[in-house]
Amino acid sequence: MHRAAPKQDIDEAELTVSPPKTQAAGVRAVTVALERAVEEMGVVRTARTLSRLNQRHGFDCPSCAWPDPTGTRRVAEFCENGAKAVAEEATLRTVTPEFFAEHSLRDLAEKSGYWLGQQGRITEPMVLRPGDEHYSPISWDDAYRLIADTLRGLSTPDEAVFYTSGRTSNETAFLYQLLARSLGTNNLPDCSNMCHESSGAALTSSIGIGKGSVTIDDFAHADLILIAGQNPGTNHPRMLSSLAEAKAHGARIIAVNPLPETGLIGFRDPQTVKGFTTGVEIADDFLQIRLGGDMALFQGLGKLLFEAEDRAPGTVVDRTFVNAHTAGFAEYEKHMRAVDLGVVEQATGLTREQLERTARLLAESKATIVCWAMGLTQQVHGVATIEEATNLLLLRGMIGKPGAGVCPVRGHSNVQGDRTMGIWEQMPETFLAALDAEFGITSPRRHGWDTVAAIRAMRDGRAKVFFGMGGNFASATPDTDVTEAALRNCELTVQVSTKLNRSHVVHGRTALILPTLGRTDDDLQDGKRQQVSVEDSMSMVHLSTGRLTPVSEHLRSEVAIVCELARELFGPEHPVPWEQFRRDYDRIRDAIARVVPGCAEYNRKVRGRNGFQLPHPPRDAREFRTATGKANFATNALHWLPVPEGRLILQTLRSHDQYNTTIYGLDDRYRGIHNGRKVVLLNAEDIAALGFVEDELVDLVSEWTNPATPDAAPQERRVSGFRLVAYSTPRGNAAAYYPETNPLVPLDHVARRSNTPVSKAITIRLERHRHPHE
Ligand SMILES: Nc1nc2c(c(=O)[nH]1)N[C@H]1C(S)=C(S)[C@@H](COP(=O)(O)OP(=O)(O)OC[C@H]3O[C@@H](n4cnc5c(=O)[nH]c(N)nc54)[C@H](O)[C@@H]3O)O[C@H]1N2
Ligand SMILES: Nc1nc2c(c(=O)[nH]1)N[C@H]1C(S)=C(S)[C@@H](COP(=O)(O)OP(=O)(O)OC[C@H]3O[C@@H](n4cnc5c(=O)[nH]c(N)nc54)[C@H](O)[C@@H]3O)O[C@H]1N2
Ligand SMILES: [Mo]
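Predicted model, so just to flag it, every value in this text is computed and none were measured.

Cut-offs used in this document
- Residues numbered from 1 in each chain as written.
- Chains lettered and ligands numbered in written order.
- Predicted model: local features only at pLDDT ≥ 70, side-chain atom pairs only at ≥ 80, totals over all residues.
- Heavy atoms only, no water.
- Core = buried A, V, L, I, M, F, W, Y, C linked by side-chain atoms within 4.5 Å.
- Buried < 20%, exposed > 50% of the residue type's maximum accessible area, 1.4 Å probe, protein only.
- Helix = DSSP H or I, 4+ residues; strand = E, 2+ residues; numbered from the N terminus.
- Contact = heavy atoms within 4.5 Å.
- Near = heavy atom within 4 Å.
- Polar contact = N/O pair within 3.5 Å; in protein donor to acceptor, adjacent residues only side chain to side chain.
- Areas by Shrake-Rupley, 256 points an atom, 1.4 Å probe, with all protein chains shown as cover.
- Nonpolar A, V, L, I, M, F, W, Y, C, P; charged D, E, K, R; others polar.
- Pairing = 2+ DSSP bridges.
- Axes fitted to C-alpha atoms, helices over the stretch in contact; angles between N-to-C directions.
- Expected span 1.5 Å × (residues − 1).

Below, the discussion takes up the nonpolar core. In this structure, Phe-162, Phe-174 and Leu-175 are the most contacted members of the largest nonpolar core, which totals 62 residues. Here the element with the most residues in this core is helix α7 (residues 170-183); it accounts for eight residues. Residues within four places of Leu-175 in sequence aside, it is in contact with Val-559, Val-562, Cys-563, Trp-578, Phe-581 and Ile-588. Of all hydrophobic cores here, the second largest spans 52 residues; its members include Ala-202, Leu-341, Leu-394 and Val-406.

What follows is the structure, given as structure tokens:
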């Protein structure tokens, strides 16, 4: 049967290190998945849930946004980490009012995020009033009244912030933005601001739409797949099946990463007999690039492609495509020809031979896909870097043809759908006008705040109410000390959550926890089962239906919470039919069909065998809705990251045993880190050169000079007691887990043009740890 929640917190002294694994998945992944599931939910519930995960008529995996196969689905269409995500949500452990009576806020504030999450599902709405030391129960009606009264008391609706995490369904997202806009604000920051915002900005500028242009079936038709800045073995494990299939069809795969991530190097498909025994090597080539070296890599490859064209004119540049569909080519060519390959070698740490070999593969490939994730987006020049990758594809005519295209691999399972539904602080006029016409409201037109701007506003007292639709704002955001102070500065913080996390402990003067149904839960409204819908990374929209009996009768769906709050806030005369929407989610989808582009006949189409695919003009018709009416070649000055003397560049990343700030367990099996999380991985030669020894405890001190005040002394931020682990990574580069290292990320250190916090390039120095008992 399932086990009780752990009483003990993490003891970093127990941490052990073993050699990294060379192959991902395999039988071990299946046993780990099942063990975790049974621990959390027992045998019966495990069987009931996992058999419906990612099946037609089942529910969508709440983990990553990788699409489902369009053809036959396997009996077990999920991965180890998908099973962990489900177990985490479908757990039978509960956090009840008795739990809150037992644990004071001070007590909870000392626990790790891991311990908090492991306690189980929150069962009742809870409130914390000024001066309280414990959360206590509150009725739903009183909770809504409290929120509505506070919102009505603001001097402007722009003093409220409505955050969204990407697990929220399309139906919730649509209603939630409608609530914010009916109130009168566009303050709709979301996790995407910290995630693929750079991809959206780059692709919108290059090809006129901020979404990827490939579908899952393209993988079987690709000649060449580049995977840059992504760790699919852990974060998108089902992608490995597509990659293995691509290889079976003869594709070559190149991994571009500072770390030899296990899933990129080897993969055993646990679902095929062959996979049990042999496994496949995923990457044909591994380019162990230096952090932040990707822009240089793509520019270097651009130069080499032009040189190849000179040697064999008419074979490399796709003139027909370039002439018919692009703008800015001549300038791009001029810029590429001037690239200094010596600088590229220095910036990337790669050899001329590696660069030439990669260029040759690009020149020969008839169908190329470029995939990427956080290694590219969370960089100061992430937007430009993604534009450079897109330039290479445009040059070769690789957009809008089978087996080719751009593939930003999204994180949260519905982060892309939330955007489509209007969760964005700067939705275009066409969307706002359609929304207003449908509902007879007047949406505000001034742009709202994104995540970083929202933190600044709370810090400075310009925002007074924080409402979180899921997520864990306190831990996921940069500059933890600043963000925590910002949240504490609010009059009211409201968290709609499934599980306990740090954002419940770091709160405004008054705080509410509103417990909600998850995707696995049966959502009954007036006795009728409801379904929600989601959009994956490749623009496929489909239904998701939970069937598990919720752990408490007090849980409400996210849709119900939005509708009931709106009724309280706007009264029954409001033009939006909130109560109808709550009762029947088909009615929400009818409204979506009239407001959101590409969603006509939503209710009918979403019930198709695989749901339906949203339009994507470049993919569908080589149509580019940019200002020039063409796909744009971007010309960017080269930026890369030299390592200052005696310093390191740190990236913050995910272990194999976490989902963002949700820590499933303490086993980063592939990297060989067990029983703890406070490690910093660096090249053995750097450990020695900096005067340390392996296994020693160090403090990480980040150093940052705000470009706005170049003469000021560098700002310093510190985290303490991290163990030094020798690991394969380029000299001068380091890696440590998120969110433990978020205190090191300066709030104002953001990517150009996307405002995404720079979580993959933090300048640090190491200091010997002086307080072993801290
Ligand atoms: N199990 C699980 N699944 C998840 C998540 C999870 O936490 N757990 N999170 C979800 C979310 S929201 C997201 S956004 C995705 C995240 O998916 P990923 O982007 O794969 O996640 P990270 O762990 O941040 O890994 C970043 C990768 O980029 C590499 N990298 C870092 N800097 C650079 C660089 O400068 N250049 C290059 N070329 N590579 C670099 C790192 O070594 C690492 O392999 O996963 C989603 N899926
Ligand atoms: N340093 C550093 N910081 C980063 C990153 C990094 O790589 N490095 N990555 C960034 C990225 S890519 C992302 S996407 C963000 C993630 O930021 P968030 O999306 O804000 O964080 P999560 O950890 O995914 O949120 C987990 C919480 O969501 C709640 N939850 C889970 N399921 C549901 C549900 O169905 N409904 C509701 N209402 N709540 C639910 C639970 O209470 C859980 O504690 O973090 C960003 N922060
Ligand atoms: Mo993400």
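Looking at ligand 1, there are 31 residues lining it, with Asn-257, Glu-261, Asp-294, Gln-658 and Asn-660 nearest. A distance of 2.6 Å is found between an oxygen atom of ligand 1 and a side-chain nitrogen or oxygen belonging to Asn-257. Protein chains shield 99% of the accessible area of ligand 1, which is 930 Å² for the free molecule. Listing elements by their share of the shell around ligand 1, those giving two or more residues are α9 (232-235), α18 (374-377), β25 (648-653) and β26 (658-659). Residue composition of the shell around ligand 1, grouped by class: 11 nonpolar, 16 polar and four charged.

Right, let's get into the sheet that holds strand β8 (residues 224-228). Across the sheet, five strands lie side by side as β12-β9-β8-β14-β15; this open sheet has parallel pairing. The sheet terminates laterally at β12 (285-287) and β15 (405-408), the two strands that pair on one side only. Ignoring strand direction, the axes of neighbouring strands in this sheet form an average angle of 15 degrees. By the bridge criterion, five bridges tie β8 to strand β14 (residues 368-372) in an arrangement that is parallel. Bridge pairing links Ala-228 to Trp-372 in β14. Most of the contacts of helix α19 (residues 382-395) go to β14, to which it runs at about 170 degrees, and overall it touches β14 and β15.

Moving on to α7. Given a rise of 1.5 Å per residue, 14 residues ought to cover 20 Å, and the 20 Å separating the end C-alpha atoms of α7 matches this to within 8%. Among the 14 residues of α7, 14 are classified as buried, and the element is accordingly described as predominantly covered. Among the residues trailing α7, Gly-184 stands out with phi positive, at a value near 120 degrees.

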